[in-house]
Number of protein chains: 2
Amino acid sequence: MVEIIDGGVTTPQGFKAAGVHSGVKYRSLDLAVLYSEVPASAFVGYTSNNVKAAPVQVMMRENSPKLQAVVVNSGNANALTGRRGIEDALAMKQAVAAELSLDPVTVGVMSTGLIGRFMDMHKVRYGISRACRELSQGREADGLLAEAIMTTDTIKKECSARVRLSDGTLVYIGAISKGSGMIAPHMQVLHGTTLSLVTTDANLSPEFLPTWQSILDDSMNMVSVDGDQSTNDTCILMANGMSKGAVADKDPEFIEALRTVMTKIARTIAMDGEGATKLIEVQVTGAETKDDARKLVKTIINSPLVKSAIFGSDPNYGRIMMALGNSGCKFVLEDVRLTIKGGDMEVPILDSGAPVFQDERSVEVVRMAMDNKEVTIAVDLGAGSETATGWGCDLTYDYVRINAEYAT
Amino acid sequence: MVEIIDGGVTTPQGFKAAGVHSGVKYRSLDLAVLYSEVPASAFVGYTSNNVKAAPVQVMMRENSPKLQAVVVNSGNANALTGRRGIEDALAMKQAVAAELSLDPVTVGVMSTGLIGRFMDMHKVRYGISRACRELSQGREADGLLAEAIMTTDTIKKECSARVRLSDGTLVYIGAISKGSGMIAPHMQVLHGTTLSLVTTDANLSPEFLPTWQSILDDSMNMVSVDGDQSTNDTCILMANGMSKGAVADKDPEFIEALRTVMTKIARTIAMDGEGATKLIEVQVTGAETKDDARKLVKTIINSPLVKSAIFGSDPNYGRIMMALGNSGCKFVLEDVRLTIKGGDMEVPILDSGAPVFQDERSVEVVRMAMDNKEVTIAVDLGAGSETATGWGCDLTYDYVRINAEYAT
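Structural notes, computed from the coordinates. As the structure is a computational prediction, the values presented were derived from the model and not from experiment.

**Digging into the interface of chain A and chain B**
Contacts between the two partners involve 58 residues from chain A and, on the opposite side, 58 residues from chain B. Summed over both sides, the interface between chain A and chain B buries roughly 4,800 Å², with carbon and sulfur atoms accounting for 58% of that surface. Taken as a group, Leu80, Arg117 and Tyr397 of chain A account for 13% of the area that chain A buries against chain B, more than any other trio of residues on that side. On inspection of chain A and its partner chain B, the count reaches zero salt bridges. For the side of chain A that touches chain B, the secondary structure elements donating two or more residues are helix H8 (304–311), helix H9 (318–326), strand E15 (354–355), helix H10 (360–370) and helix H11 (397–404) of chain A. Per element, the largest residue contribution to the side of chain A that touches chain B is seven residues, and it comes from H9 of chain A. Of the residues assigned to the side of chain A that touches chain B, the class counts are 27 nonpolar, 21 polar and 10 charged.

Right, here's the structure in full:
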């Protein structure tokens, strides 16, 4: 039984966190350190964008199977910073290693913020030194770390779960994620997220990697705010084994718990998409292949026309069908079923390739379903048995405002 | 010598047009007919969206090599209308054929407007009958046809050219296009635009088809307003040979003239993108393959983050590099050159993988270049010799407003 609890990255045993103001940002917290009392098995997913930020390049090159600390700064992405950026990312790892008496290779590094500016290492070093001294455990520490890694985020993407493994061990999972714009993660383990830190005191072996990839593929990789994949996306899972249980790689309860946490985080990221007023969930069923199902989810969720229609509760479901036609997935129009759900309403839209509703008054039903904080678009392709679910948000005036004024 | 002249679809010899109010729309003109005195060789490009509107399905099935008339309605796309939609599209052709004493197979049909509503054929038949009686030649007729096919368009996309062929014949080309949202045409001749009507009194044989496809690929198919490809895109070229010249299939002057007209129309469509305040031209050079060059143009032009930054003249060029990384095209970051041009300014951005500008004051230069009605993003990949150019527009508050309120 997976139990969602009030917790964060320091809820699993042996993890400590800190968040401080280094000065890279004008006022807010901008530098965080996460630390595990013992070396933890690390599973990392990176952006598959070919322009990779310096910290991503450094971590991919080292590909360390064990991490004991992670340093994260916000305000500057250390991306497009050439050789100097690489040196700065390495220096961040070294500074943490020196403060905490670790091997630099066991220190992860992540950056988020503006692209194309050199890091102010004087400030970053000061921040690292302070954060390493302020490491602590508990909800306050979780909160400081969360605050320090946020950029345009308006809500904290935090989730924690407790689950009893088959061998009786009680393990904890904690996760924090940041990200609201430039979001369409397509992380591949060892090659390609938003910034996410996931901690657990479960015991995991390197064999857990494909399971982690599959969980990422169904959660973080199914979120899209604007279809733009960042240069910095990184998702780090640290498993320090301090629960003392058996290896949990194949434990269905553990996998279920981790999947639940990651799905909740994914939904929260979509809900907090830049300027978003609504969460859009797209459920595709009856696809011939998994790839078709995922492609269709992404095409619908990334369509500016669908996103604007949902913002205005505009019952223009033709746009969903337009997206279907553009997705490249296999279907026969007459077999497709489209349903729009919102609140308690569930409105079927298509019947044998033509809309159910024709007159203005009945279309109002669709508008009422769309006029909810969470709108679900369910498409049954009737072509097979594969499914996929993904999350996005509406396209609003505020998205435009936020992104037309970012660097200023 | 290609000469751009003030003209429209009835400028070439033998073409007549009409635009009327049929009542499908509340007030504006909503039905147009284009007619050629003699049967014209027809070259048609259709949307490659797999959800195709009824008129597209009908025209693709008949695949007529000759057309003598085209009927176009706005206000209703006749898309997602099942079997009844097909019957209505056929009935539109038959009505025109009856009025003008033509074989229905030589009558083209196009629709644009709301998706998922049945046509009001009573109104459409009335409109067809009136339009066929009002057919005439000249700038007024061009204007009425143009008005009748517009939806959210704010400017008329019309262009005309005169050119002397190698054999001394003087031929004319006229073109009109409509479309401002749901635009990312990817037409393939015989399988896949916005609604465009192109007329010429040149003499073309069926062999002209690949040349037409190549012109479409470099013009209409390089326009993207929102990356959403419509269910109705159709582009019809009618060549009625009334100039009496030799077959112009391979005539470089003619090809150049048609390319010039189609490129101008493509740019105008981008400039009139829904809510647009700026035209964005993306020029890619030094790509290893043509496909890489086109992919990169499309990725940059479709990025909501790039589009919002241009709207706000926000010098956040990191987003362009993010798009580069996501495009999937081949490059070595250190070899890439990025230049932003606007007005008389031409600002180099990257040097060996890192930005030229670091301090706030110099970044102002980039903002000044971006603060123009036309902004050019030039990327030299340094990986080969292939090039591509495409057009799009900024993402603005008005795009959201227009598309959140369309059906209402």
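**As for the side chain of Asn49 of chain B**
Residue placement: Asn49 of chain B occurs in the loop between strand E3 (31–46) and helix H1 (54–62). At a separation of 2.8 Å, a polar atom in the side chain of Asn49 of chain B contacts the main-chain carbonyl oxygen of Met322 of chain A. Of the polar contacts made by the side chain of Asn49 of chain B, one reaches the backbone nitrogen of Val51 of chain B; its length is 2.7 Å. Apart from residues lying up to four places away in sequence, Asn49 of chain B is in contact with Met322, Gly325 and Asn326 of chain A together with Gln229, Ser230 and Thr231 of chain B.

**Details of the environment of Val109 of chain A**
All names here are of chain A. The topology assignment puts Val109 in strand E5 (residues 107–114). Residue class for Val109 comes out buried when judged on its relative accessible area of 2%. Excluding anything up to four places from it in sequence, Val109 contacts Pro55, Met59, Val70, Val71, Ala89, Met92 and Lys93.

**Examining the sheet that holds strand E16 (residues 374–380) of chain B**
Residues and elements named next belong to chain B. Taken in spatial order, the five strands line up as E13-E12-E16-E11-E17 in an open sheet, and their pairing is mixed. Only two strands of the sheet have a single neighbouring strand rather than two, namely strand E13 (345–348) and strand E17 (386–393). Neighbour-to-neighbour, the strand axes of the sheet open up by a mean angle of 15 degrees, direction not taken into account. Where strand E11 (residues 279–287) lies against E16, seven bridges are found, and the strand directions are parallel. Across the sheet, residue Glu281 finds its bridge partner in E16, namely Thr376. In the packing of helix H6 (residues 252–271) onto the sheet, the strands contacted are E11, E16 and E17, and the crossing angle to E17 comes to about 40 degrees.

**Details of the packing of helix H8 (residues 304–311) of chain B against helix H9 (residues 318–326) of chain B**
A pair of packed helices is characterised by two quantities: the angle between their axes and the separation of those axes. Residues and elements named next belong to chain B. The interhelical angle for the contact between H8 and H9, taken along N-to-C directions, is 160 degrees, at an axis separation of 9 Å. Classified by the angle their axes make, H8 and H9 are roughly antiparallel. Of the two possible hands of crossing, H8 and H9 adopt the one that is left-handed. Residues Leu305, Val306 and Ala309 of H8 lie in contact with H9, whose contacting residues are Arg319, Ile320 and Met322.

**A word on the sheet that holds strand E13 (residues 345–348) of chain A**
Residues and elements named next belong to chain A. Strand order in the open sheet formed by five strands is E13-E12-E16-E11-E17, and the pairing between neighbours is mixed. Every other strand in the sheet has two partners, leaving E13 and strand E17 (386–393) as the edge strands with one partner each. Pairs of neighbouring strands in the sheet enclose a mean axial angle of 15 degrees, with direction left out of account. Sheet contacts for helix H7 (residues 290–302): strand E11 (279–287), strand E16 (374–380) and E17; angle to E17, the most-contacted strand, approximately 20 degrees.

**A closer look at H11 of chain A**
Among all positions in H11 of chain A, only Tyr399, Val400, Ile402, Asn403 and Ala404 of chain A are buried. Those residues of H11 of chain A that are buried are in contact with H8, H9 and helix H11 (397–404) of chain B. You can read the cap of H11 of chain A off the contacts: a side-chain oxygen lies 3.2 Å from the backbone nitrogen of Asp398 of chain A, and it is on Thr396 of chain A.

**Things to note about the side chain of Ser36 of chain B**
Residues and elements named next belong to chain B. Among the structural elements, Ser36 can be located in strand E3. Relative accessible area serves as the criterion here: at 0%, Ser36 is assigned to the buried category. A polar atom in the side chain of Ser36 sits 2.6 Å from the backbone oxygen of Val38. Discounting chain neighbours no more than four positions away, the residues touching Ser36 are Gly14, Phe15, Gln68, Met238 and Asn240.

**Section: the packing of aromatic side chains**
All told, the structure shown has seven aromatic pairs over all chains when counted by the stated rule. Here the aromatic rings of Phe311 of chain A and Tyr397 of chain A are separated by 5.5 Å at their centres, their planes lie at 85 degrees, and the arrangement is edge-to-face. With a gap of 86 residues between them, Phe311 of chain A in helix H8 and Tyr397 of chain A in helix H11 connect regions that are remote in the sequence. Through a chain of ring-to-ring contacts, three or more aromatic side chains come together here, namely Phe311 and Tyr397 of chain A together with Phe311 and Tyr397 of chain B. Here the basic side chain of Arg84 of chain A rests over the ring of Phe118 of chain A, its NZ or CZ set 4.1 Å away from the ring centre.

**Here we look at helix H2 (residues 82–100) of chain A**
Residues and elements named next belong to chain A. Taking 1.5 Å as the rise per residue, H2 with 19 residues should run 27 Å; its terminal C-alpha atoms sit 28 Å apart, in good agreement. Of all the residues in H2, the buried ones are Gly85, Ile86, Asp88, Ala89, Ala91, Met92, Lys93, Ala95, Val96, Ala97 and Leu100. The elements touched by buried residues of H2 are strand E3 (31–46), helix H1 (54–62), strand E4 (66–76), E5 and helix H3 (121–133).

Rules behind the numbers
Residues numbered from 1 in each chain as written. Chains lettered and ligands numbered in written order. Predicted model: local features only at pLDDT ≥ 70, side-chain atom pairs only at ≥ 80, totals over all residues. Heavy atoms only, no water. Contact = heavy atoms within 4.5 Å. Buried area = accessible area lost by both parts, 1.4 Å probe. Salt bridge = Lys/Arg side-chain N within 4 Å of Asp/Glu carboxyl O. Helix = DSSP H or I, 4+ residues; strand = E, 2+ residues; numbered from the N terminus. Nonpolar A, V, L, I, M, F, W, Y, C, P; charged D, E, K, R; others polar. Polar contact = N/O pair within 3.5 Å; in protein donor to acceptor, adjacent residues only side chain to side chain. Buried < 20%, exposed > 50% of the residue type's maximum accessible area, 1.4 Å probe, protein only. Pairing = 2+ DSSP bridges. Axes fitted to C-alpha atoms, helices over the stretch in contact; angles between N-to-C directions. Parallel < 35°, antiparallel > 145°, perpendicular 65-115°, else oblique. Left-handed = near helix turned anticlockwise from the far one by under 90°. Phe/Tyr/Trp six-rings, centres within 6.5 Å; stacked < 30°, edge-to-face > 60°. Lys NZ or Arg CZ within 6 Å of the ring centre and 35° of its normal. Expected span 1.5 Å × (residues − 1).

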